[in-house]
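Letter by letter, the chains look like this.
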Amino acid sequence: MSGSPNGSEGAALQPADSGSAAATDAAVESGSVEGRFVSALLGTTRWLGRLCLAAQVRAETVARETHEAAERELAQAREIRRAAEVSLRQARTALISLEVEKENLTVKMIRETLPLFAERLKEVLVIRERRWNDDVKRRRLATTGAAVLGLVFGGYGIHVWQSWEATTTQEWCLWNQLQSNGHIFCDLTIFKQSHQ
């Protein structure tokens, strides 16, 4: 056998003493085919051990790098979460600030418009009160005028009633005059008879 394609023979030939010791332990001569086989097998096992060790180191490196990458991503996620919490707090603060601003604007509007509204309402109430007072004044004047007219016409009526006979008598005299010696006389004997 000139050489194996995977180089196991070279690995078996390099540590001849360990292959020989294994061959001796197995009661096989190191120069025989079985000895070479055991040496090659042991070399391949060593090579496979180194390969497994390298794979383990590589797997550990990959695991460590993966763990570090996961830690970095976790740290980034934490930073993103913190930034999101800060943004959320800022948004809540802005919302509260907006609500406070809206309330302040409402209070300011009420403070500015309420006096105007009160003044306008006062003017309206004054106008209504003036109208009511004018209506009361007109009613009082009308009542007073009616009472005065009632008193005047009542007085005149009483006067006419009291002086009815005298007035009627005078009128009768004017229509039934008697003239004598340039004087005008009225015959009142008719009235005297009517009152008896």
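The following refers to the structure shown.

It is worth spelling out the overall build of the protein chain at this point. Of the regular secondary structure elements, the protein chain holds five helices and two strands. Reading the helices (α) and strands (β) of the protein chain from amino to carboxyl end gives α-α-α-α-β-β-α. For the protein chain, the share of sequence-separated contacts (at least 6 apart) that also reach a separation of at least 24 residues comes to 27%. About 16900 Å² of surface is accessible on the protein chain, with carbon and sulfur atoms providing 62% of the total.

Here four bridges tie strand β1 (residues 177-180) to strand β2 (residues 183-186), and the two strands are oriented antiparallel to one another. Each bridged residue has a counterpart across the sheet, and for S180 the counterpart in β2 is H183. Here β1 hands over to β2 after two residues, with N181 in that stretch at a positive phi of 50°.

Counted under the stated rule, the structure contains six salt bridges. Residues K102 and E99 are paired through a salt bridge, measuring 3.9 Å at the closest nitrogen-oxygen approach. Here K102 pairs with E99, and both are found in helix α3 (residues 33-162), just three residues apart, close to one helical turn. Its relative accessible area of 37% is what places E99 among the partly exposed residues. Here the salt bridges do not stand alone but share partners, grouping R81, E85 and R89 into one network.

Its place among the elements puts W175 in helix α4 (residues 164-175). The exposed category is assigned to W175, whose relative accessible area is 70%. Each C-alpha atom, one on W175 and one on C186, is 9.4 Å from the other, the two residues being 11 residues apart in sequence.

Rules and cut-offs
Residues numbered from 1 in each chain as written. Predicted model: local features only at pLDDT ≥ 70, side-chain atom pairs only at ≥ 80, totals over all residues. Heavy atoms only, no water. Helix = DSSP H or I, 4+ residues; strand = E, 2+ residues; numbered from the N terminus. Contact = heavy atoms within 4.5 Å. Areas by Shrake-Rupley, 256 points an atom, 1.4 Å probe, with all protein chains shown as cover. Pairing = 2+ DSSP bridges. Salt bridge = Lys/Arg side-chain N within 4 Å of Asp/Glu carboxyl O. Buried < 20%, exposed > 50% of the residue type's maximum accessible area, 1.4 Å probe, protein only.

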